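Fold and contact review
The lines below spell out each chain.
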Amino acid sequence: MNMMLNVTEVTEETQEQAKRIVNTGLEERFGELDPSYNEDLDDIVKWYTGQGYLFLTGTLDGQMVCTGALIQEGPDVGRVARMSVSKPYRRKGIARRMLQELERRARQRGYAKLVLETTASWLDAVQFYKANGYKEIQRDEEEVHLEKVLSHAACD
């Protein structure tokens, strides 16, 4: 199936739909949802764009199917966050396309490295990031931390 994912920055008009995609994914994973852990989703445009960060949405045929965010972690380090794909669209290469777009935009912003964390029990997510060049740098009972060097520039 050849799908053309249209990736754009979130807007005031699309942020509620983006919030639903992220929250639905979290609820599927955890079985419940505690909104107090997700204050950044209350006003995505203000929280992300307002701080100079990036929150992207992906649409297929006009329907939003995925999200991904890029947060500045340090002078040349970005953090991948809020990666989520609606259940009917998973395992179709959509997450990979979103991750590639986040990496492309990270390079444009001068980031030499990307970091991220995911829940240790989400084996499919951990495997997805490793398959896309991310290396595990730390693990505990709850979380796995991964990183990917984007260029050969110094990462200090």
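Heads up: these notes are all about the structure in this document.

Conventions we followed
- Residues numbered from 1 in each chain as written.
- Predicted model: local features only at pLDDT ≥ 70, side-chain atom pairs only at ≥ 80, totals over all residues.
- Heavy atoms only, no water.
- Helix = DSSP H or I, 4+ residues; strand = E, 2+ residues; numbered from the N terminus.
- Rg over C-alpha atoms; globule rule 2.2 N^0.38 Å.
- Buried < 20%, exposed > 50% of the residue type's maximum accessible area, 1.4 Å probe, protein only.
- Lys, Arg positive; Asp, Glu negative; His and termini not counted.
- Charge placed at Lys NZ, Arg CZ, Asp CG, Glu CD.
- Core = buried A, V, L, I, M, F, W, Y, C linked by side-chain atoms within 4.5 Å.
- Contact = heavy atoms within 4.5 Å.
- Phe/Tyr/Trp six-rings, centres within 6.5 Å; stacked < 30°, edge-to-face > 60°.
- Expected span 1.5 Å × (residues − 1).
- Pairing = 2+ DSSP bridges.
- Axes fitted to C-alpha atoms, helices over the stretch in contact; angles between N-to-C directions.

What follows covers the overall build of the protein chain. Each helix and strand in the protein chain was counted, giving four helices and seven strands. Its helices and strands taken in sequence order, the protein chain reads β-α-α-β-β-β-α-β-α-β-β from the N to the C terminus. Here the C-alpha radius of gyration of the protein chain, 15 Å, is about what a compact globule of 156 residues would show, namely 15 Å. Taken along its principal axes, the extent of the C-alpha atoms in the protein chain is 40 × 40 × 35 Å. With 156 residues in all, the protein chain has 46% of them scored as buried. Taken together, the 21 basic and 26 acidic charged side chains of the protein chain have centroids lying 8 Å from each other.

Its place among the elements puts Gln17 in helix 1 (residues 15–30). When the C-alpha atoms of Gln17 and Thr57 are compared, they prove to be 9.4 Å apart, with 40 residues separating the residues in sequence.

For the rest of this paragraph, the subject is the nonpolar core. One finds Leu114 and Tyr134 to be the most contacted residues of the largest nonpolar core, which totals 26 residues. Looking at this core, the elements with two or more residues in it are strand 2 (54–60), strand 3 (63–74), strand 4 (77–85), helix 3 (94–108), strand 5 (113–119), helix 4 (123–131) and strand 7 (143–149). Not counting residues up to four positions away in its chain, the partners in contact with Tyr134 are Val80, Leu99, Glu103, Leu114, Leu116, Tyr129, Leu146, Glu147 and Lys148. One finds Ala18, Tyr53, Trp122 and Ala125 within the second-largest nonpolar core, a separate group that totals 17 residues.

As a further point, take the packing of aromatic side chains. What the rule picks out here adds up to five aromatic pairs. Here the aromatic rings of Tyr129 and Tyr134 are separated by 5.9 Å at their centres, their planes lie at 75°, and the arrangement is edge-to-face. Accessibility classification places Tyr129 together with Tyr134 in one group, the buried group. The rings of Trp47, Tyr48, Tyr53 and Phe55 are connected pair by pair, giving a single aromatic cluster.

What follows covers helix 3. Taking 1.5 Å per residue, 15 residues should reach 21 Å; helix 3 reaches 21 Å between its end C-alpha atoms and fits that length. Gly110 lies just past helix 3 and shows a positive phi near 85°.

Read across the sheet, seven strands follow the order 1-2-3-4-5-7-6 without closing on themselves; strand pairing throughout is mixed. Both outer strands of the open sheet, strand 1 (6–9) and strand 6 (135–139), are each paired with one neighbouring strand and no more. Here the strands of the sheet are splayed against their neighbours by 30° on average, with no regard to which way each runs. Here strand 5 pairs with strand 7 via seven bridges, running antiparallel. Residue pairing for strand 7: Glu117 is matched across the bridge by His145. Set on the sheet, helix 3 makes contact with strand 1, strand 2, strand 3, strand 4, strand 5 and strand 7; between it and strand 3 the angle comes to about 35°. In the packing of helix 4 onto the sheet, contacts are made with strand 4, strand 5, strand 6 and strand 7, and the angle to strand 5 comes to roughly 165°.

Turning our eyes to something else, we now look at the side chain of Thr119. Position of Thr119 relative to the elements: it lies in strand 5. On the accessibility criterion, Thr119 (18% relative accessible area) is buried. Sequence-distant contacts of Thr119, defined by excluding residues within four places in its chain, comprise Phe30, Val126, Glu142 and Glu143.

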